[in-house]
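Below, each chain spelled out in residue letters.
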Amino acid sequence: MKKKILVGLITAGALLTLAACGSSNGSSSSSSSSSDKALSGKIIAGGSTALQPLAQQSSTEFMAKNPSVQVTVQGGGSGVGLTQVAAGSFQIGNSDIFAEEKSGIDASAITDHKVAVVGFAPIINAKTDVKNLTSQQLQDVFTGKVTNWKEVGGSDQKITVIGRTEGSGTRVNFDKFALGGATEVKGPTQDASSSVVQMVGQTPGAISYVALSYVDTSKDIKDISIDGIEPTEANVVTNDYKVWSYEHMYTNTKKETAADKAFIKYVSENNKDIKKLGYIPISDMKVERDADGNITKK
């Protein structure tokens, strides 16, 4: 009887040992599988300076969560972003415009990921006593037909128009939706939104335009209304204020990686930073706009 009990105990012990080994092997396999799925790689996300603050903030948070991924965010303008991602030099091309709007780009070879919406506002030096311009006045100022603020309700002061470089998505959108496609007067230009803010703040009588994410009244600038409509989130989401665009993050369709996709997803779902930095979540929009500028209600 004692032998039977002893054998039974040994057998049970052996089974427990085998079960433990099986459990250990399974845990090791699961751990290895999890490790294999960990994101890694290097990402250069460059282009739009309008999108740069959101991309930069998101990259810091994303890398903290994914230490094996290195994300570098650069500016240069939407044209640079689209050109370099199509060439494969950037993993992500940040752009304020659709690829279809950029000449020389094969839009079918890159994939569009819309991550946010941003409005663009005319900004003037804070000491200029103008709060609103009609669409026609705005066009006349930026095309050089009006050269003094007194002609549009301000004081007797020369207007200095500060433009954006040709590759700027901000310029494409502002010219299209604020100026009706008119050609801006030749003059000083800046290729970065932060530089525009600085130059307008330091130049009496200056006017330019930037994404709402860059409007900072502490920099001696202020935005102005167009046709009495203020450049606010509430007016953008309904398209009452029409000078806005999607913020795109394009990938090279044949070369995009899991890390690229994960970072873009993180940016698009990062509503806390999207709103804090002056952008609008796409889900908040009441309308949609296509590459040709056509508006449809959601």
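Residues numbered from 1 in each chain as written. Predicted model: local features only at pLDDT ≥ 70, side-chain atom pairs only at ≥ 80, totals over all residues. Heavy atoms only, no water.

Enquirer: Kindly report on the overall build of the protein, identifying the contributing residues and their values.
Expert: Counting its secondary structure elements, the protein contains 9 helices and 15 strands. For the protein, the proportion of its 298 residues judged to be buried stands at 42%. Considering only contacts within the protein whose residues lie at least 6 apart along the sequence, 75% involve residues at least 24 apart. (Helix = DSSP H or I, 4+ residues; strand = E, 2+ residues; numbered from the N terminus. Buried < 20%, exposed > 50% of the residue type's maximum accessible area, 1.4 Å probe, protein only. Contact = heavy atoms within 4.5 Å.)

Enquirer: Describe unusual backbone geometry, naming the residues involved and giving the relevant values.
Expert: What you tend to see is this: most non-glycine residues have negative phi, and most peptide bonds are trans. The residue D220 is not glycine, and still its phi comes out positive at about 65°. Topologically, D220 is positioned in the loop between β10 (206-211) and β11 (221-223). Judged by relative accessible area, which is 45%, D220 ranks as partly exposed. With a phi close to 70°, N239 is a non-glycine residue in the positive phi region. Given the relative accessible area of 11%, N239 is considered buried.

Enquirer: How would you summarise the pairing of β10 if you had to cite specific residues and measurements?
Expert: With 6 of 6 residues buried, β10 is to be regarded as a mostly interior element. For strand β5 (residues 114-125) and β10, the ladder comprises 5 bridges, and the chain directions are antiparallel. The residue of β10 that forms the bridge with I123 is S208. Pairing between strand β7 (residues 160-161) and β10: 2 bridges, direction parallel. Each bridged residue has a counterpart across the sheet, and for V161 the counterpart in β10 is I207. (Pairing = 2+ DSSP bridges.)

Enquirer: Mind laying out the pairing of strand β3 (residues 92-95), listing which residues take part and the relevant values?
Expert: On any regular strand, side chains alternate: one points to one face of the sheet, the next to the other face. Both faces of β3 are covered, namely the face carrying I92 and N94 and the face carrying G93 and S95. Taken together, the 3 bridges between strand β1 (residues 41-47) and β3 define a ladder with parallel strand orientation. In the sheet register, G47 faces β3, and the bridge partner there is N94. Pairing of β3 with strand β13 (residues 244-252) involves 4 bridges; the strand directions are antiparallel. By the bridge assignment, G93 is partnered in β13 with Y250.

Enquirer: Could you give an account of the packing of helix α2 (residues 52-65) against helix α8 (residues 258-268), with specific residues and numbers?
Expert: As a packed pair, α2 and α8 sit with axes 10 Å apart at the nearest point and diverge in direction by 120°. One element, α2, and the other, α8, form an angle in the oblique class. At the point where α2 passes α8, the crossing takes the right-handed sense. For the pair α2 and α8, contact is made by L54, A55, S58, S59, E61, F62 and K65 and by A259, A262, F263, Y266 and V267, respectively. In terms of residue class, the contact of α2 with α8 is built from 8 nonpolar, 2 polar and 2 charged. (Axes fitted to C-alpha atoms, helices over the stretch in contact; angles between N-to-C directions. Parallel < 35°, antiparallel > 145°, perpendicular 65-115°, else oblique. Left-handed = near helix turned anticlockwise from the far one by under 90°. Nonpolar A, V, L, I, M, F, W, Y, C, P; charged D, E, K, R; others polar.)

Enquirer: Summarise the pattern of salt bridges; cite the residues concerned and give the values.
Expert: As enumerated under the stated definition, the model contains 10 salt bridges in all. The partner of E166 in a salt bridge is R171, with the nearest N and O atoms 3.8 Å apart. A salt bridge links K276 to D273; the shortest N-O distance between them is 3.4 Å. Pair noted here: K276 and D273 are both in helix α9 (residues 271-276), with a separation of 3 residues, about one helical turn. (Salt bridge = Lys/Arg side-chain N within 4 Å of Asp/Glu carboxyl O.)

Enquirer: Before we move on, can you summarise the nonpolar core with the specific residues and values?
Expert: Membership of the largest hydrophobic core comes to 72 residues, with the highest contact counts inside it found for F142, I207 and F263. If you count residues domain by domain, this core takes at least three from each of domain 1 (41-118 + 243-297) and domain 2 (119-238). Setting aside chain neighbours within four positions, we find F142 in contact with V161, F174, L179, T183, E184, V185, I207, S208 and Y209. (Core = buried A, V, L, I, M, F, W, Y, C linked by side-chain atoms within 4.5 Å. Domains from an automatic or database assignment.)

Enquirer: Can you explain the side chain of N94? Please cite residues and give values.
Expert: Counting through the fold element by element, N94 comes out in strand β3. Of the residues examined, N94 reaches a relative accessible area of 0% and is grouped as buried. Excluding residues within four positions of it along the chain, N94 makes contact with A45, G46, G47, S48, L51, A55, S78, G81, H248 and M249.

None of the figures reported here should be taken as evidence of function without further support.
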